Amino acid sequence: MSVAPFPLPAPAQAEPQDWALAVPLYLTAAELEALEASAPAGAPDTASRLAWALRQQDPLRATELATAVLARTADVAAPNAAQQREAARMQLVLAEAAVHNMQADEAHQRLAAADAAFVTLEDLRGRSDVHWVSHYIAADHGDGDALRHHLQSCATLASEIGDERRVVFATISLARADLFRDVAEATRRWQPALPPDADALGEVEAAVLCDFWGLQQGLSSAYTPATEWLLRAFRLSRQTGQLRRAIALAANLGFTYSNMREHAHALEWHQRALELARTAHWPAVLSMALAQTGELLHRMGQTGAARELLLESKDLSLPYPNSRSALLALKYLGRCELDSHNAELALAHFELLRERALAADSRDMHVDASLGCARALLALGRPAPARDAALQGHAVLQTQTEQAALVDLCWVLADIEASLGADDAAVTHWLNEALRVAHLLAGYRPPAELLEAAAARAAAADDHRRAYALAMQAGAVRQHAFDDQANLRAAALHAQHRNERDQAERDHLRKLAEVESARAEALSALHLVLLQLGNIGQEITAELSTAGVLEVLRRHLRVLVACDALSVQPCDDLSPPPEANDSAASAAQLQACWRRRAELLLDANDCQVPADAGPQRIVVPLKVNGRMAGLLAARAPAGEAFGEQALLILRNLCAYGAIALDNARAYERLAETQNQLLQSEKMASIGQLAAGVAHEINNPIGFVNSNMGTLRRYVEELLRLAQASARQATQDPALLALRAATDLTFLSEDLPQLLDESEEGLARVRKIVRDLKDFSRVDQSDWQEADLNTGLESTLNVVMNEVRYCADVQRDYGTLPPVLCLAGQLNQVFLNLIVNAAHAMPDGQRGRIDLRTGVATQSGRDWVWVEVADNGSGMTPEVQRRIFEPFFTTKPVGKGTGLGLSMAFSIVQKHGGRIEVQSAPGEGTCFRVWVPVTGAGAATG
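In this text the structure is predicted, and so the values were computed from the model without any measurement.

Reading the values: the criteria
All residue numbers refer to position in the chain's written sequence, counted from 1. Under the rules for a predicted model, residues below a pLDDT of 70 receive no local features and side-chain atom pairs below 80 are neither given nor counted, while totals for whole chains, interfaces and linings still include all residues. Hydrogens are left out, water is left out, and the side-chain values use all remaining heavy atoms of the structure. A fitted line through C-alpha atoms represents every axis, and for helices the fit uses only the stretch in contact; the resulting angles, taken between N-to-C directions, go from 0 to 180 degrees. Think of it this way: any DSSP run of H or I at least four residues long counts as a helix, any run of E at least two long counts as a strand, and we number them from the N terminus. Oblique is the label for every angle not falling under 35 degrees (roughly parallel), over 145 degrees (roughly antiparallel), or within 65 to 115 degrees (roughly perpendicular). Crossing handedness is read from the near helix: turned anticlockwise from the far helix by less than a right angle, it gives a left-handed crossing, and turned clockwise, a right-handed one. In what follows, residue pairs with any heavy atoms lying within 4.5 Å of each other are defined as contacts. When residues are sorted by character, Ala, Val, Leu, Ile, Met, Phe, Trp, Tyr, Cys and Pro go into the nonpolar class, Asp, Glu, Lys and Arg into the charged class, and all the rest, Gly among them, into the polar class. Take the buried residues of types Ala, Val, Leu, Ile, Met, Phe, Trp, Tyr and Cys, join any two whose side-chain atoms come within 4.5 Å, and each joined set is a nonpolar core. Throughout this description, buried means an accessible area under 20% of the type-specific maximum (1.4 Å probe, protein chains only), exposed means over 50%, and partly exposed covers the range between. Each salt bridge in this description consists of a side-chain nitrogen of Lys or Arg and a carboxyl oxygen of Asp or Glu lying within 4 Å of one another. One fewer than the residue count of a helix, multiplied by 1.5 Å, yields its expected span. Pairing between strands requires that DSSP locate at least two bridges from one strand to the other. Side-chain rings of Phe, Tyr and Trp, where Trp is taken by its six-membered ring, are said to pair if the distance between their centres is within 6.5 Å; with planes under 30 degrees apart they count as stacked, over 60 as edge-to-face, and otherwise as tilted. Read the arc as the range of directions from the helix axis to the C-beta atoms.

### Some thoughts on the packing of helix α13 (residues 263–280) against helix α14 (residues 283–299)
Turning to step 1, where the next piece is worked out: Running from N to C, α13 and α14 cross one another at 160°; their axes reach a closest spacing of 9 Å. Classed by the angle they form, the pair α13 and α14 counts as roughly antiparallel. Judged by the twist between their axes, the crossing of α13 over α14 is left-handed. Contacts from H263, A266, L267, H270, A273, L274, A277 and R278 in α13 reach V285, L286, A289, L290, Q292, T293, L296 and L297 in α14.
Turning to step 2, where the next piece is worked out: Its residues assigned to classes, the contact of α13 with α14 comprises eleven nonpolar, four polar and one charged.

Quick look at the structure:
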């Protein structure tokens, strides 16, 4: 019965939103790469799509993904149709894995669950794929009828939904399965219906079509075209993720080369099949590869190695005793033992093969089993049962169109009759029957040994003419065999040479494509890097603080460039940076880069190298318009070097970093100037307020002080009068009572003391007002000579309320010359230092503050120094490095602005001086302010 042609598959349509509605059976390598690249990470269907695509390319990963998807779906209380369809397809993935791992029960359970879900969802494509996976089970069991049923069902269901690609794929697979029953019949039936050209198909369908024609040519003994078809099918199968097909194709290539007597090439392909099968860890497929490799080794005379592989194949196929691989293992084991003269063991293998071939309805294996039993029994000296076995095989062959095995059966029957002592006529009958069948087979030449046996029988019967003819024919056959072997070898070499040439050309084209692809990827990667650098540049230049710029720069550098050590440090044209803390570069290297204003590229020995030599250490100046803003140092991981892209990233980020640092410094200077202006305005306002308060207080204090002098005189006069009156005698009762009630003596002593205390209080008020006026110096906004001891003392009096409750103050003032300065601003410096010293005392503990002053000569100039020391909590080195940064504070929120020491530093710098600090945690802090006696011009000039 012929089969109607079917149309070629239409181009793939765009996927619907639910990918499982139009999922392809297999993906090409390019499609898989595109899927992995385009599928968004974490997308709900990404894992399931990859699991389906990778079920043969990467079975372990596919199984993990499918299991995770099923677990996720199980947590959904009421999954929608798309989620149910996705879960059913993941059951198919796990079912196929179970089939290949010979876990039959699990495979059937998962297939049943998937099919039930697809039936409920009315998903015919899913049901078609259930039959596709099920055909593997039938193939492994050797159940030909079930295999054809599943393939037919797969094609029928796919046809109902118009999935022409699945129809083509399943139909060609069905045709391929028929080749094992009867090559000639299958070719006659299917050839008109199959697509005429594999190039018109997609890679997935082309792989199975090339597989069909390669197998058909090989079974028809057309070995040279068979290798071409099989090689093409192998490449396509590998490219489309059909690993099981690729393994079978590699084995069939080995079998074909073996028939061409090219055992080296045959062994190479069998070993490739074996390697792929072992990599996949699929017992059924591995069993087939082991059987075919074992048979090749047997043909090559390596019986021991062959027996080991065949026994391993037999053991692996125990779960599926009727599978094709199990039958082949028994057949090849029987032949191996028979050729090793182990006839008893060979008979056991062939009898088991016959039993299982009957169960699997594998007629070719049934014939091979009967022939093997006959030969083994004959070798054991049991010709009668040997004849029964051979006749049984002969009867089976009468129903087959393939008659090649009939020659061997008739020949062995002739040997059996001779062993039974039959007359020459019976023996000659079977020999002639063997020769008759051989002559009827197109392209078949009888073996020389068969012709020689027939010639011997003819000579024994005195038919010398026939004996001579047969002998001559045997010689011709031997010559033909020799010529055929030579031709086969030449053809094999030619085919191998052509295949190698084609492979070399493909490799060359592939390499060109890879180079072009790599170039495109490099350009794309470079474009992405530049875009990323642009975004990072915007982020860096948006930072308005030096610390923020450095933090963003370090963070992105560590992500984009692999390095063991990285250092980014600010500096300027006058102040080089200190040595990097993480050994990215030495102090000498940093100094060299700072001096030269040029990058340093160093190798592992710290010798300068060009950029294309792969530097392992780099030091880059961060410059803006020739001004130094900082230095970057980086060291590559051990044994590695910075490549072109890493250097590009480093240089670009350095350019952005330099601009950002320059902007941040300008902004910080502006902010500091604004803060100083604000503080100056505040101090001016405070000074004006203090002057006003002092003026308002001075007026009443002036007349109170004047009145106090008058009051003292009046009190003294009244006291003298009262004392004089007390000395006079009187008899006036009222005066006597008044004298008794008044303690004139006490009044005479206490009133002067009260007046003294009041005058002392007034003096203190006058001093506070004078100190307040001196501290604010509203009348001294220009540079003037001032006594810093006086300024320090007046400042202490102003802040005494902050100090008296937490510390004792010890003074050690030296004799100071007048200093040309802005006294009010220096008083502000002293105020900040004294207040900070008071705040440094631990809670609940009374401390000590030392105020010291002195004069020193340095570099030919006279300097005055003022020192404020405390025995408080002290500072760590990290804090000391940042105390002069604007807005940096260690005080609780709301207790400090972080501007006090920053302003003090700026004021002292304005005076051409400097501030030194010494501190240690738990040991207190000492600030020493140095100011030139002759003012800023002398200090900086």
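### Quick look at the nonpolar core
Turning to step 1, where the next piece is worked out: L92, W132, L194 and F212 are the most contacted members of the largest nonpolar core, which has 96 residues in total.
Turning to step 2, where the next piece is worked out: Filtering out sequence-adjacent residues up to four positions away, L194 remains in contact with I172, A175, L209, F212 and W213.
Turning to step 3, where the next piece is worked out: In terms of nonpolar packing, the next biggest core, distinct from the first, is built from 53 residues, A389, C410, V437 and L470 among them.

### Some thoughts on the pattern of salt bridges
Turning to step 1, where the next piece is worked out: All told, the structure shown has 37 salt bridges when counted by the stated rule.
Turning to step 2, where the next piece is worked out: With a closest N to O distance of 2.6 Å, R188 and E185 form a salt bridge. Here the residue R188 and the residue E185 both occupy positions in helix α9 (residues 183–190), the gap between them amounting to three residues, near one helical turn.
Turning to step 3, where the next piece is worked out: Its relative accessible area of 44% is what places R188 among the partly exposed residues.
Turning to step 4, where the next piece is worked out: Connected via shared salt-bridge partners are R89, R125, D129, D163 and R166.

### A look at the packing of helix α11 (residues 223–239) against α13
Turning to step 1, where the next piece is worked out: In the contact formed by α11 and α13, the axes pass within 14 Å of each other and the chain directions differ by 20°. In this view, α11 runs roughly parallel relative to α13, as classed from their interaxial angle. When you trace α11 past α13, the crossing you get is left-handed. Side by side, α11 and α13 meet where L231, F234 and R238 of the first sit next to W269, R272 and L276 of the second.
Turning to step 2, where the next piece is worked out: The class makeup of the residues in the contact of α11 with α13 is four nonpolar, no polar and two charged.

### Examining unusual backbone geometry
Turning to step 1, where the next piece is worked out: At M102, a position not held by glycine, the phi torsion is positive, near 60°.
Turning to step 2, where the next piece is worked out: You can see M102 is positioned in the loop between α4 (81–100) and α5 (104–121).
Turning to step 3, where the next piece is worked out: Phi is positive for R597, which is not a glycine, with a value near 60°.
Turning to step 4, where the next piece is worked out: Position of R597 among the secondary structure elements: in the loop between α25 (587–596) and β2 (600–602).
Turning to step 5, where the next piece is worked out: The exposure class of R597 is partly exposed, given its relative accessible area of 22%.

### Topic: helix α16 (residues 324–339)
Helical geometry note: an α-helix holds 3.6 residues per turn, so side chains three or four residues apart project in the same direction.
Turning to step 1, where the next piece is worked out: Helix length check: α16 (16 residues) gives 23 Å between terminal C-alpha atoms against 22 Å at 1.5 Å per residue, within 8%.
Turning to step 2, where the next piece is worked out: Here α16 lies mainly inside the structure; 13 of its 16 residues are buried.
Turning to step 3, where the next piece is worked out: Just downstream of α16 lies H341, where phi reads positive at about 65°.

### A word on the sheet that holds strand β4 (residues 627–635)
Turning to step 1, where the next piece is worked out: Reading across the sheet, the four strands line up as β1-β4-β3-β2 and stay open at both edges, with antiparallel pairing between neighbours. Two strands lie at the open edges of the sheet, namely β1 (565–570) and β2, each paired on one side alone. Looking at each pair of strands side by side, their axes are set apart by 10° on average, direction ignored.
Turning to step 2, where the next piece is worked out: Bridging between β2 and strand β3 (residues 617–624) involves three bridges; their strand directions are antiparallel. Bridge assignment links L601 to a residue of β3, and that residue is I618.
Turning to step 3, where the next piece is worked out: Sitting on the sheet, helix α24 (residues 546–560) touches β1, β3 and β4, and the angle it makes with β1 is about 160°.
Turning to step 4, where the next piece is worked out: On top of the sheet, α25 reaches β1, β2, β3 and β4; it is set at about 35° to β3, its chief contact.

### Observations concerning the packing of aromatic side chains
Remark: the centre distance and the inter-plane angle together describe each pair of aromatic rings, the angle taken between the planes.
Turning to step 1, where the next piece is worked out: The tally for this structure, following the rule as stated, stands at five aromatic pairs.
Turning to step 2, where the next piece is worked out: Ring centres of F212 and W213 lie 5.0 Å apart, and the angle between their planes is 80°; this geometry places the pair in the edge-to-face category. In terms of burial, F212 and W213 fall into one category: buried.
Turning to step 3, where the next piece is worked out: The interplanar angle of 85° and the centroid separation of 5.1 Å between the aromatic rings of F234 and W269 together place this pair among those described as edge-to-face.

### Observations concerning the pairing of β4
Turning to step 1, where the next piece is worked out: Where burial is concerned, most of β4 is hidden: seven out of the nine residues are buried.
Turning to step 2, where the next piece is worked out: Relative to β4, β3 runs antiparallel, the two being bridged by eight bridges. Paired with L622 across the strands is G630, a residue of β4.
Turning to step 3, where the next piece is worked out: The antiparallel hairpin formed by β3 and β4 contains two residues in its connecting segment, where N625 sits at a positive phi of about 50°.

### What to know about α5
Turning to step 1, where the next piece is worked out: Here α5 spans 26 Å end to end across 18 residues, near enough to the 26 Å set by a 1.5 Å rise per residue.
Turning to step 2, where the next piece is worked out: For α5, every residue scored as buried is listed here: A107, L111, A114, F118 and L121. Buried residues of α5 fall within an arc of 90° about the axis and therefore sit on the same side. The outward face of α5, more than 90 degrees from its buried face, is lined by the exposed residues D105, Q109 and T120.

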